[in-house]
Each structure stands twice: as C-alpha cells, then as structure tokens.
Amino acid sequence: MRTNQLSALDVRRAKFAGRAFKLFDGGGLSLRVRESGRAWVFRYKFHGKSRETTLGKLPEMSLADARRRRDEFRAFLADGIDPIEHRRQQVEAARMADQTRTSTLEKVGRDWLAAQAWAAGTREKVEGRLNRHVFPALGHVPIAEITPSRLLEVLRVVEKSAGIESARRARQHVARIYKFAIASDLATFNPAAGLEEAMAKKPAPDHFSAITTPARFGELLRAINGLEAQPQVLAIVRLAPLLWTRPGELRHMRWSEVDLDRAEWTFWKSKRKAQEQPELHTVPLPSQAVEILRELRAWTGHRELVFPNIRNADRPLSANTVNACLRRLGFDKTEHTHHGFRASARTMLDEVLGYRPDWIEHQLAHTVRDPNGRSYNRTKHLEDRREMMQTWADYCDRLRKPGDE
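Residues numbered from 1 in each chain as written. Predicted model: local features only at pLDDT ≥ 70, side-chain atom pairs only at ≥ 80, totals over all residues. Heavy atoms only, no water.

## Focus on the packing of helix α8 (residues 214-225) against helix α13 (residues 340-351)
Applied cut-off: Comment: axis = line fitted to C-alpha atoms, over the contacting stretch for helices; angle = value between 0 and 180 degrees taken between N-to-C directions. A run of H or I in DSSP counts as a helix once it spans at least four residues, and a run of E counts as a strand once it spans at least two, with each numbered from the N terminus. The cut-offs work like this: below 35 degrees is roughly parallel, past 145 is roughly antiparallel, 65 to 115 is roughly perpendicular, and the gaps in between are oblique. Helix crossings fall into two classes, left-handed where the near helix is turned counterclockwise from the far one by less than a right angle and right-handed where it is turned clockwise. Any two residues whose heavy atoms approach within 4.5 Å are treated as being in contact. When residue character is reported, Ala, Val, Leu, Ile, Met, Phe, Trp, Tyr, Cys and Pro are called nonpolar, Asp, Glu, Lys and Arg charged, and the others, Gly included, polar.
Between α8 and α13, the least distance of the axes is 12 Å, while the angle of their chain directions is 135°. Considered as vectors, α8 and α13 are oriented oblique to each other. The handedness of the crossing between α8 and α13 is left-handed. Contact residues: α8 offers Pro214, Phe217, Leu220 and Ile224, while α13 offers Phe341, Ser344 and Met348. For the contact of α8 with α13, the residue count by class is 6 nonpolar, 1 polar and no charged.

## Digging into the sheet that holds strand β2 (residues 29-34)
Note the cut-off: Strand pairing requires that DSSP identify at least two bridges connecting the strands.
Taken together, the 4 strands give an open sheet; going across it, the order is β1-β2-β3-β4, and neighbouring strands pair in antiparallel fashion. Only two strands of the sheet have a single partner each, and these edge strands are β1 (21-26) and β4 (49-57). The mean inter-strand angle of the sheet, taken between neighbouring strand axes irrespective of direction, is 30°. Together, β1, β2, β3 (37-46) and β4 form the strand contacts of helix α2 (residues 63-78), whose direction differs from that of β3 by roughly 15°.

## Some points on unusual backbone geometry
Following Leu58, the chain continues to Pro59 via a peptide bond in cis, the omega torsion being 5°. Turning to its location among the elements, Pro59 is positioned in the loop between β4 and α2. Its identity as a non-glycine residue notwithstanding, His47 has a phi of 50°, on the positive side. Among the structural elements, His47 can be located in the loop between β3 and β4. Of note, Asp185 is a non-glycine position whose phi angle comes to about 60°, a positive value. If you trace the backbone, Asp185 turns up in the loop between α7 (164-183) and α8.

## Re the pattern of salt bridges
Operational definition: Within this document, salt bridges are pairs made up of a side-chain nitrogen of Lys or Arg and a carboxyl oxygen of Asp or Glu, the two lying within 4 Å of each other. Here the term buried applies to any residue with accessible area under 20% of the maximum for its type, exposed to any over 50%, and partly exposed to those in between, with areas from a 1.4 Å probe on protein chains only.
For the structure on display, the rule yields 28 salt bridges. For Glu304, the salt bridge identified is with Arg254, shortest N-O distance 2.8 Å. One end of the pair, Glu304, is in the loop between α11 (287-300) and α12 (321-328); the other, Arg254, is in the loop between α10 (247-251) and β5 (258-259), and 50 residues separate them in sequence. Taking relative accessible area as the criterion, Glu304 reaches 54% and is therefore assigned exposed. Notably, a salt bridge pairs Glu264 with Arg386, separated by 2.6 Å at the nearest N-O pair. Of the two residues, Glu264 is situated in strand β6 (residues 264-268) and Arg386 in helix α15 (residues 382-399); the sequence distance between them amounts to 122 residues.

## A closer look at the pairing of strand β7 (residues 280-284)
Every other side chain in a regular strand lies on the same face of the sheet, so the side chains alternate between the two faces. Judged by how many residues are buried, β7 sits mostly within the fold: 4 of 5 residues are covered. As defined by bridge partners, β6 adjoins β7 across 5 bridges and the pair is classed as antiparallel. Note that in β7 the partner of Phe267 across the bridge is His281.

## Brief notes about the packing of α8 against helix α9 (residues 231-243)
One can describe the packing of α8 onto α9 by two numbers: an axis separation of 10 Å at closest approach and a directional angle of 160°. What the angle tells us is that α8 and α9 run roughly antiparallel. As for how α8 packs across α9, the hand of that crossing is left-handed. Counted together, Phe217, Leu221 and Ile224 of α8 and Leu234, Val237, Arg238 and Pro241 of α9 form the full contact between these two elements. Of the residues that constitute the contact of α8 with α9, the class distribution is 6 nonpolar, no polar and 1 charged.

## Let's talk about the side chain of Arg171
By the secondary structure assignment, Arg171 is in helix α7. Arg171 has contacts with Leu155, Ala192, Ala193, Leu195, Glu196 and Met199, leaving out every residue within four places of it along the chain.

## Thoughts on the confidence of the model for the protein
The line we're drawing: Values of pLDDT, ranging from 0 to 100, describe the predictor's confidence in every residue of the model.
Looking at the protein, the pLDDT average stands at 87 and 89% of residues meet or exceed 70. For residues 369-378, every residue scores under 50 in pLDDT, and the model assigns this stretch 20 contacts once sequence neighbours within four places are set aside.

## So, the packing of aromatic side chains
Rules: For Phe, Tyr and Trp, where Trp contributes only its six-membered ring, two rings pair if their centres lie within 6.5 Å, and the inter-plane angle classes them as stacked under 30 degrees, edge-to-face over 60, or tilted in between.
Under the criterion given, the structure shown has 9 aromatic pairs. Ring centres of Phe42 and Phe73 lie 6.0 Å apart, and the angle between their planes is 70°; on these two criteria the pair is classed as edge-to-face. One end of the pair, Phe42, is in strand β3; the other, Phe73, is in helix α2, and 31 residues separate them in sequence. There is no split in this pair, since Phe42 and Phe73 are both buried. Seen in terms of ring centroids, Phe73 and Phe76 are 6.4 Å apart; in terms of plane orientation they differ by 50°. Their pairing is tilted. Of the two residues, Phe73 and Phe76 both sit in helix α2, 3 residues apart, roughly one turn of that helix.

In structure tokens form, the structure reads like this:
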C-alpha cells in the first residue's frame, strides 16, 4: 500500500515539465518543483499564522536530510519557538561572530576617526596618540576580546613613557571608540570605562608660564630678533608675541584666511568646550604682522598652510616649534611658553597701556558676557581692537630698544 510519504524514486522523477508543482511528504514538508530548480519547503503555523521556509535545494539536500531538518523545526514549534526566527538569529549570530573576529581595535578605531568632524589639528593629535600608544600594542586584537586589565596594562606603560596626561587622553579616545563599537554591535561592553580610578592621578595644573614685566619681555623680544631659523619658523616666532592667539590656531593659519590688504586674519575659533558653537574670529593685523606675512608669502604662499612643516608641507609646524625656539634663546618652560604670550599681552595691555579688559578678552577669543549673561557678538569693538593691536605692536617695538622699558 502506498503511503503519503515520498520515495526516492518520486524525487528522481519530479521534473519541471512546463508548470510548477509540489509533492507532499507529510508533516509540512514538500518538494517544490519550478523551472528555476527543486527545493524542499516546510510549511507550518505559528500563533495562528501560516508560514513557509525553504530548507534546502536538490541535489545538495537529500530527502533524508530534508526530513531531519523538518523534524528539527517541528521540535522547535513544540517548544514554542518559531523556526524561521530561530534560524535568522543563528545566521545573525554567526555573522556577528565573524565580524567581531575581524573587527580589531585598530580597524574600528580608524572607522571612528573617519566619522569625526574635527578640525585638522584635533584629528592630528588624536590619531597621533592612538598610533603611538594604543594601536601598536592592541590594534591587532579583536575589539570584543580586550579586557579592562589588558587595556590598563598598556595605559600604565604610556604613563611611564609619555606621561600621565598622554595616558589619560589615550584612555578617553579608547572609551569613545568602544562607544562607537557598541553602537555598531561590534562590542557589548566598554573596558575603558572606569579605568581612570586605577590610573595615576593627574597633578594639579600649572598656569602657562609667562613673562609679564616690560623689561624682561623686552629682553625676550630682542632675543627673538636675533633668532636664526627656517623662514616659516622665524615668522611664527616673530608673530606669536604680536598676535597672541592660541598656539594651535596660529600654527594652522591658512593663506585663504588672511587678507593682507584689509590687514585681517579670520578663522573658525577653536571649540574649547563641548557646548560651545563654532564661530568666526577676526584678528586685526598690525602693520608689523602684515610685513612679516608679506615676506613669508614669497616662501610659503604657494602652499595652503602659512607655516608648513619642514618635512611634510601638508602639515603645520610642530606644536613644540615655538617653545623649542624659546628654549634655544635661553627662556625655559618655567619662565615663558608659546601660550604665555597671551598672558603677557593681557597683563601689559591692561596694567601698562590701560586698555579695557572686555576688548582684550574679545581679542583673546574668550567668551565675553554682558551683565545679563548674554554673549557679546565677536565683531563688537573690531575697530577698537584694531587700534589696540597696532598700539601693542608699536609698544613691542619700543620694548625691543634697550632702556625704553
């Protein structure tokens, strides 16, 4: 007597002959025959809804294999599990496992870097720390396999080799990479979270050293006059006391931002805090600064950067360039730094030249607020600041002359 189950002969004879059809084997299993080929299909109900899924194709999946797969799926249904959803989860888990194995810390870290809308200087610093301190030790490791203790071991090496601040910032970068990885389903936890408690504590910050007395500042200016260096190095050291912008802003000056005819340099102010909005800042250029820039344009005017790096013209001068020159001139870091020119100008403009503090703060690109706490527009007092910058540059000229302090 013939049963309702298929035989091996039935399967061999099942050929497409101009129309599609199905042969039923029982228990929801059938052989679907189409012009495109033959496949095993399992049909079932789950929570009252009919569903159908393909188990495999002939000849890769035999009748016996199809029956075993059908029985597995019926066992899932008996346990209240939708076999289609179960298989989807298995495929996804295998995909994620494979992706996790190939998603190393360096690969994910570089994807994170590419997604950041940073200024060039910020990107250079962050990528540099990762390249120096993190990727050589952990870059090859799958991101999901790095433990807090393994990361802490690397960070403690950084503390000893590059200092507490470098290690602290490296941890911050890794923590953000892991937030990116978790959002991308490449990791489930952040091993950098909470490690700051186990790391060396950052010492109390020192103020940037600065000369604020006219006589000693005059000695510094005279020493700068005698400096011998590459044109872009000499120019940035001569401009630093005249313009007193933040060091990173000066190093990244672009010729496209400078209008020598109008004697203005306009650029996007660096964000100092996360809640700050980017905004344009205009620096009026005193005639002395315009002269320095006109001379330098003959050397670097064909470049994008005003102060290109000597080894790589697509990058600015090193962050340590001005400080290194100050050391060569005999002014160590406890007496004066590049950043210290800001304090020098602020102090002497206020105490010696008598300029309004709010004009000085505007020129320093600090947030200046009115009595009601509202931020002033940074274009305010532009002409007043232009006159102030010229007076400051003229004052610096006088200080260079011995006995005129």
